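Here is what each chain is made of, one letter per residue.
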Amino acid sequence: ERLRQRLEQELDIARQIQQSLLPRALPASGALRVAGTSVSTHQVGGDFYDVVPLDGGGWAMAVADVSGKGVSSALLAGLLQGAFLQAPRTPAGIREKLAALNRYLLDRTQGEKYATIFYMSLGPDGEMHWANAGHCEPRLVRPDGAVERLRATSLPVGMLDGVEFG
């Protein structure tokens, strides 16, 4: 019983840490308006989202989902979130970041774990670059109200070697 209680306490602490990694405030005016929430079906999970300001203006955003559930997925989600702290701005930088994450996950998990990731950068001039590695299609709402689906541009990271990320 003590072991079970200790495990429950550890998982509760892990859930609190995971929740604290989510952004406290999201852009709500100007060119980028973001809303988000994350509710895990277990005490911890493999989903995350983050929005960070870029040096010189603009924003970078990542939304990801690691395959599976529980602690192993939560650990990999935390690693992926940390990988985006040095957020790329250009299409080439985005492709390089996703390719590096693909190699890392393949090396560590041999294809047993993978992650879908949507990543985008929005410059201060409104120019947006993005890649969608197998994630659900986000929606881009244009100033005129038109809605554009941002379809997958590649497979998820960590699934196969040699994937081109566009």
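See the structure above.
We now turn to the structure provided with this report. (Residues numbered from 1 in each chain as written. Predicted model: local features only at pLDDT ≥ 70, side-chain atom pairs only at ≥ 80, totals over all residues. Heavy atoms only, no water.)

A separate point is the overall build of the protein chain. For the protein chain, the helix and strand inventory stands at 3 helices and 8 strands. When the helices and strands of the protein chain are listed from N to C terminus, the series reads α-β-β-β-β-α-α-β-β-β-β. Radius of gyration (C-alpha) of the protein chain: 17 Å, near the 15 Å computed for a compact globule of 166 residues. Overall, the C-alpha framework of the protein chain stretches about 60 × 40 × 30 Å when taken along its three principal axes. Residues classed as buried in the protein chain amount to 40% of the 166 residues present. Relative to all contacts within the protein chain whose residues are 6 or more apart in sequence, the contacts with residues 24 or more apart total 56%. Counting every atom, the protein chain has about 9900 Å² of accessible surface; 53% of that belongs to carbon and sulfur. (Helix = DSSP H or I, 4+ residues; strand = E, 2+ residues; numbered from the N terminus. Rg over C-alpha atoms; globule rule 2.2 N^0.38 Å. Buried < 20%, exposed > 50% of the residue type's maximum accessible area, 1.4 Å probe, protein only. Contact = heavy atoms within 4.5 Å. Areas by Shrake-Rupley, 256 points an atom, 1.4 Å probe, with all protein chains shown as cover.)

What follows covers the nonpolar core. Ranked by internal contacts, the top residues of the largest apolar core, which has 24 residues, are Leu-80, Phe-84, Leu-98, Ile-117, Tyr-119 and Val-157. Every element with two or more residues in this core is listed here: strand 4 (59-66), helix 2 (70-83), helix 3 (91-109), strand 5 (115-122) and strand 6 (128-133). Here the element with the most residues in this core is helix 3; it accounts for 5 residues. Beyond its immediate stretch of four places on either side in the chain, Ile-117 contacts Val-63, Ala-64, Leu-80, Phe-84, Leu-98, Leu-101, Ala-131, Asn-132, Ala-133, His-135 and Val-157. Membership of the second largest hydrophobic core comes to 9 residues, among which are Val-34, Met-61, Phe-118 and Met-120. (Core = buried A, V, L, I, M, F, W, Y, C linked by side-chain atoms within 4.5 Å.)

On the surface, Ile-13, Ile-17 and Leu-21 cluster together to form a nonpolar patch covering roughly 260 Å² of accessible area. Relative to the helices and strands, Ile-13 is located in helix 1 (residues 2-20). A relative accessible area of 43% means that Ile-13 is categorised as partly exposed. (Patch = residues over 30% accessible without salt bridge, like charges linked within 9 Å, V, L, I, M, F, W, Y side chains within 5 Å. Salt bridge = Lys/Arg side-chain N within 4 Å of Asp/Glu carboxyl O.)

A separate point is the pairing of strand 3 (residues 47-53). Note: strand 3 against strand 4, 7 bridges, orientation antiparallel. The residue bridging Asp-50 from the neighbouring strand is Ala-62, located in strand 4. (Pairing = 2+ DSSP bridges.)

The next subject is the side chain of Thr-116. Along the chain, the position of Thr-116 falls in strand 5. For Thr-116, a relative accessible area of 14% gives the class buried. Looking at Thr-116, its side chain comes within polar contact range of the side chain of His-135, at 2.7 Å. Excluding anything up to four places from it in sequence, Thr-116 contacts Val-63, Ala-64, Asp-65, Ala-133, Gly-134, His-135 and Pro-156. (Polar contact = N/O pair within 3.5 Å; in protein donor to acceptor, adjacent residues only side chain to side chain.)

Overall, antiparallel pairing links the 4 strands, which are arranged 3-4-5-6 in an open sheet. In the strand order of this sheet, the two ends are held by strand 3 and strand 6, each with one partner. Strand after strand, the sheet turns through a mean of 5 degrees between neighbouring axes, direction not considered. Set on the sheet, helix 2 makes contact with strand 3, strand 4 and strand 5; between it and strand 3 the angle comes to about 15 degrees. (Axes fitted to C-alpha atoms, helices over the stretch in contact; angles between N-to-C directions.)

Treat this as a map of the structure, not an account of what it does.
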